[in-house]
Amino acid sequence: MSKVIRFFRFLHDFKKGSSFPRVANYEITSRCNLSCEHCYCKKNPGAQDHLSDEQWSEVFTEHKARGVTFSFLTGGEPTLRMPVIEAADHIFNGLAIASNGVIKVPEQIRRRLFISLDGPPEVHNRIRGKDVFDTVMNNIAGDRRVIVSPTLSTTNYEHIDELIRITRESGVEGISFSLYTSHVRTDDPLLLKGEKLEWVIEKLLDGWKKNRKLFFMTPYIINLLRNKPHKNECFFRGSNFISFDARMQEKKPCVLGAGVNCATCGCIVPMISYALKKMNLRSWFMLNRMFPTRYFKA
Ligand SMILES: C[S@@+](CC[C@H](N)C(=O)[O-])C[C@H]1O[C@@H](n2cnc3c(N)ncnc32)[C@H](O)[C@@H]1O
Ligand code: SF4
Ligand code: SF4
């Protein structure tokens, strides 16, 4: 299908709405094989598997029948539930997986993979745990399904250039940055703000200029990080999106969970959605590169 037809179909579907959301996020497990410095999952105790593989399959089948056309699998660490990933791969038309990359997603799962990478070896390992960097790099080398997804905080923001270089040298498809989002209202030592935030925005704009094919962000999206206007009309809070935790309880206001401070939101997904809603064409074409037709099933 031509890019133009896909664009208008997308806009039509997006505005039409439906009785059940079209995009769903599933935390298929609250367990994880890492314990990262910045992770919002630490705010959701009780890490275990609440649903069996079969129950997840039933949920996916029912939700697809009710209108879900695109789903995100996350956690916890979703690769700890590989049979659930395989079931989702069979059921959903559109699917993407967010993972820490410690366990490789089998090649036959032809879907977009967002793999967390938070810095060069010593920084990534400090945030995510000893020796994790080498494991992840071995698992993603040359894998074009992969978009590297750093989360920038005060711990790692100075390593943007190295992250871009590592991404280019690894042979994956590209990189897309998010910013740490806070659950507190007062001073959060990990939160990027003021001069540091401004420095990050300029660095990302420069990175985009020099690495356009590698970047899964646009200048429009990068500039949203300054005032975060997407917080006021967030896609995650709209009727087209729904998020479930590992117990299959609806998660509000979004995947980041109760108590999140939207004024600090640096999540790439609502920023992309905001850019599309504002008809930023460059962001649409970027989305088309992020989710090309080869990652959808009929
Ligand atoms: C919760 S993890 C789940 C998937 C997988 N375990 C991983 O690490 O990629 C999904 C993404 O959320 C990011 N993340 C965790 N806590 C965050 C926070 N407070 N603000 C922004 N992003 C966060 C992680 O760095 C990761 O890239
Ligand atoms: S690997 Fe993912 S889910 Fe696990 S602690 Fe790190 S950010 Fe959180
Ligand atoms: S924190 Fe969640 S609900 Fe709030 S603006 Fe960000 S994505 Fe939307």
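Our structure's up above, just so we're on the same page.
Keep in mind it's a predicted model, so treat the numbers as computed, not measured.

On to the pairing of strand β9 (residues 241–244), then. Side chains Phe241 and Ser243 project from β9 onto one buried face, and the interleaved Ile242 and Phe244 project onto a second face that is buried too. Sheet topology note: the strand β1 (residues 23–27)/β9 ladder contains 4 bridges and is parallel. Counterpart to Ala24 in the pairing with β9 is Ile242.

If you walk across this open sheet you meet the 7 strands as β7-β5-β4-β3-β2-β1-β9, and the pairing is parallel. Pairing within the sheet leaves two strands with one partner each, and these edge strands are β7 (174–175) and β9. Here 4 bridges tie strand β2 (residues 70–74) to strand β3 (residues 94–99), and the two strands are oriented parallel to one another. Within β3, the residue paired with Ser71 across the bridge is Leu95. Lying over the sheet, helix α3 (residues 82–91) contacts β2 and β3, oriented at roughly 155° with respect to β3.

Residues in close proximity to ligand 2 include Cys32, Leu34, Ser35, Cys36, Cys39, Cys41, Gly76, Asn100 and Arg128, which together make up its full environment. Here the shell around ligand 2 is built from residues that sort into 5 nonpolar, 3 polar and 1 charged.

If you check the shell around ligand 3, you find Lys231, Cys234, Phe236, Arg237, Pro253, Cys254, Leu256, Val260, Cys262, Cys265 and Pro270 and nothing else. Of the residues belonging to the shell around ligand 3, the class tally is 9 nonpolar, no polar and 2 charged.

Turning next to the packing of aromatic side chains. For the structure on display, the rule yields 15 aromatic pairs. Arranged with centres 4.3 Å apart and planes meeting at 45°, the rings of Phe236 and Phe241 form a pair that is tilted. One aromatic cluster is present, formed by Tyr26, Trp56, Phe60, Phe92 and Phe244 through successive ring pairs. One residue, Arg289, lies across the ring of Phe216, its end atom 4.4 Å from the ring centre.

Further remarks concern the packing of helix α9 (residues 268–277) against helix α10 (residues 281–290). Across the interface, α9 lies against α10 with an axial gap of 9 Å and an inter-helix angle of 130°. Viewed along their axes, α9 and α10 adopt a mutual orientation that is oblique. From α9, Ile272, Ala275 and Leu276 reach across to α10, where they touch Ser283, Trp284, Met286, Leu287 and Met290.

The next point concerns helix α5 (residues 132–140). Of the residues making up α5, those classed as buried are Val132, Phe133, Val136, Met137, Asn139 and Ile140. Angularly, the buried residues of α5 cover 165° about the axis, an arc narrow enough to put them on a single face. Those residues of α5 that are exposed and angled more than 90 degrees off the buried face are Asp134 and Asn138. Following α5 by one or two positions, Gly142 adopts a phi angle in the positive range, close to 70°.

With that settled, consider empty space enclosed by the protein. Inspection of every chain in the model, using the stated rule, returns 3 cavities of 30 Å³ or more. Taken as a whole, the largest cavity spans an internal volume of roughly 110 Å³. Lining the largest cavity we find 15 residues, and of these Cys234, Arg237, Cys254, Cys262 and Cys265 sit closest to its centre. Taken together, the residues of the lining of the largest cavity sort by class into 10 nonpolar, 3 polar and 2 charged. Taken as a whole, the second largest cavity spans an internal volume of roughly 50 Å³. For the second largest cavity, the full set of lining residues is Gly101, Ile103, Lys104, Val105, Leu113, Ile115, Asn139, Ile140, Asp143, Arg145 and Val146. Residue classes in the lining of the second largest cavity are distributed as 6 nonpolar, 2 polar and 3 charged.

What counts as what
Residues numbered from 1 in each chain as written. Chains lettered and ligands numbered in written order. Predicted model: local features only at pLDDT ≥ 70, side-chain atom pairs only at ≥ 80, totals over all residues. Heavy atoms only, no water. Buried < 20%, exposed > 50% of the residue type's maximum accessible area, 1.4 Å probe, protein only. Helix = DSSP H or I, 4+ residues; strand = E, 2+ residues; numbered from the N terminus. Pairing = 2+ DSSP bridges. Contact = heavy atoms within 4.5 Å. Axes fitted to C-alpha atoms, helices over the stretch in contact; angles between N-to-C directions. Near = heavy atom within 4 Å. Nonpolar A, V, L, I, M, F, W, Y, C, P; charged D, E, K, R; others polar. Phe/Tyr/Trp six-rings, centres within 6.5 Å; stacked < 30°, edge-to-face > 60°. Lys NZ or Arg CZ within 6 Å of the ring centre and 35° of its normal. Parallel < 35°, antiparallel > 145°, perpendicular 65-115°, else oblique. Arc of directions from axis to C-beta. 1 Å grid on protein atoms, 1.4 Å probe; cavity = no way out; pocket = protein on both sides within 12 Å on 5 of 7 lines; lining within 4 Å. Points joined across faces, edges and corners; volume = space filled by probe spheres on them.

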